[in-house]
Structure formats: structure tokens, C-alpha cells
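# Chain and residue survey
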Amino acid sequence: MWYAIEGFDGPDVLEHRIKARPDHVARLEALRDAGRLLLAGPCPAIDAEDPGPAGYSGSIVIAEFASIEDARAWADADPYVAAGVYHKVEVRPFRRTLP
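Heads up: these notes are all about the structure in this document. Throughout, residues of each chain are indexed from 1 in the direction in which the sequence is written. At least 70 in pLDDT is required for a residue's local features to be given in this predicted model, at least 80 for side-chain atom pairs to be given and counted, and no such filter applies to totals for whole chains, interfaces and linings, which use all residues. Where side-chain values are given, they derive from all heavy atoms of the structure, hydrogens and water being excluded.

Further remarks concern the layout of surface pockets. As defined here, a cavity is a set of points on a 1 Å grid over the protein atoms alone where a 1.4 Å probe fits but cannot get out. A pocket is an open set with protein on both sides within 12 Å along at least five of seven lines, and residues line them when an atom is within 4 Å of a point. Grid points are joined across faces, edges and corners, and a volume is the space filled by probe spheres set on the points. When its volume is computed, the largest pocket comes out at roughly 240 Å³. Lining the largest pocket are 14 residues, with Arg-21, His-24, Val-25, Pro-42 and Tyr-80 positioned closest to its centre. Sorting the residues of the lining of the largest pocket by element identifies helix H1 (14-33), strand E2 (37-44) and strand E3 (56-64) as the ones contributing at least two each. Examining the composition of the lining of the largest pocket, we find that seven residues originate from one element, H1, more than from any other. Split by residue class, the lining of the largest pocket holds nine nonpolar, three polar and two charged. Per the convention used, a helix needs a DSSP run of H or I reaching at least four residues, while a strand needs a run of E reaching at least two, with both numbered from the N terminus. When residues are grouped by polarity, Ala, Val, Leu, Ile, Met, Phe, Trp, Tyr, Cys and Pro land in nonpolar, Asp, Glu, Lys and Arg in charged, and all others, Gly among them, in polar.

Dropping the structure here:
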């Protein structure tokens, strides 16, 4: 089943996000390479493609896992969690309808 994973950035974490990004992206690429990633990306903190020093308010990942427990375990192991970037992570089932 698909699961939506939404991480919410804490305040003043842009430097931590930048440092942890390569490991974070590597995990996403592994999901993609396994055919289990629908989409992933950050949410700019301001209405701009490149938010600069304003940074990001969080990220959204929609990926396939065997269970919600597996999705939560994957989310809990995210380098952004370990680096203190995310202050909260939500995992919800997602039903793909379109496209």
C-alpha cells in the first residue's frame, strides 16, 4: 500500500537539513530504484522555487510499504529525524487515484 509521510521542520534547521541531505536523498533513491517511490520533495517555507535562507517547512514522501508499521519505521530512521531537522513526522495511508 502507498503511505504519505510528512516531515515538519523545526525552527532554524536549514544547516542541519543541508548536512543530512545526501543521506536523506540516498534513501529516497533506493525507494525509487526499487519502484516504490511515487513522489518526494521539500515544501519551501516561502512561495518560491528556491526559498534561500527561509528554508523549508518540511517534506512530503509518498512511497509503497508492506504496512503502516514498516512505513513508520522507515520514516523514524530518516537522517532528517536523526539530525533534528524534523520536529514531527506523520505517516498516513494514501490511496492513489490520479493520474
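By definition, a salt bridge exists where a carboxyl oxygen of Asp or Glu is found within 4 Å of a side-chain nitrogen of Lys or Arg. Using the criterion set out here, one finds six salt bridges in the structure. Between Glu-6 and Arg-92 there is a salt bridge, and its shortest N-O distance comes to 3.7 Å. Pair noted here: Glu-6 is in strand E1 (residues 2-9) and Arg-92 is in strand E4 (residues 86-94), with a separation of 86 residues, a long-range link. Asp-9 is the partner of Arg-17 in a salt bridge, and the nearest nitrogen-oxygen pair spans 2.9 Å. Categorising residues by exposure relies on relative accessible area from a 1.4 Å probe, with only protein chains included: less than 20% of the type maximum marks a residue as buried, more than 50% marks it as exposed, and the intermediate range marks it as partly exposed. Take Asp-9: its relative accessible area is 10%, and that puts it in the buried class. Among the charged side chains, a network of salt bridges with common partners joins Glu-6, Lys-88, Glu-90 and Arg-92.

This part is about H1. Given a helix with a known number of residues, its expected span is that number minus one, times 1.5 Å. Helix length check: H1 (20 residues) gives 27 Å between terminal C-alpha atoms against 28 Å at 1.5 Å per residue, within 8%. For H1, the principal kink sits at Arg-21 and spans about 50°; a proline, Pro-22, occurs within the next four residues. What H1 keeps buried is the set Arg-17, Ala-20, His-24, Arg-27, Leu-28 and Leu-31. As for H1, its buried residues are in contact with E1, E2, E3, helix H2 (68-76), helix H3 (79-82) and E4. Gly-35 occupies a position one or two residues after H1 and carries a positive phi of about 75°. A residue's bend is given by the angle between axes fitted to the 7 residues ending at it and the 7 residues starting at it. Any two residues whose heavy atoms approach within 4.5 Å are treated as being in contact.

What follows covers the nonpolar core. Residues grouped as a nonpolar core are buried Ala, Val, Leu, Ile, Met, Phe, Trp, Tyr and Cys residues, joined through side-chain atoms within 4.5 Å. With twelve residues, the main nonpolar core is built from Tyr-3, Ile-5, Leu-28, Leu-31, Val-61, Ala-63, Phe-65, Ile-68, Ala-71, Trp-74, Ala-75 and Val-91. Listed by contribution, the elements that provide at least two residues to this core are E1, H1, E3 and H2. The leading source of residues in this core is H2, at four residues. Setting aside anything within four residues of it in sequence, one finds Ile-68 in contact with Tyr-3, Val-91 and Pro-93.

This part takes up empty space enclosed by the protein. With a probe scaled to a water molecule rolled over the atoms, the places where space remains empty come into view. In the structure shown here, the tally under the stated rule is one cavity of 30 Å³ or more. Roughly 50 Å³ of volume is contained in the largest cavity. Looking at the largest cavity, the residues that line it are Ile-5, Glu-6, Gly-7, His-24, Ser-59, Val-61, Trp-74, Ala-75, Asp-78, Tyr-86 and Val-89. Secondary structure elements with two or more residues in the lining of the largest cavity: E1, E3, H2 and E4. Looking at the lining of the largest cavity element by element, the count peaks at three residues for E1. Classifying every residue of the lining of the largest cavity by side-chain character gives six nonpolar, three polar and two charged.

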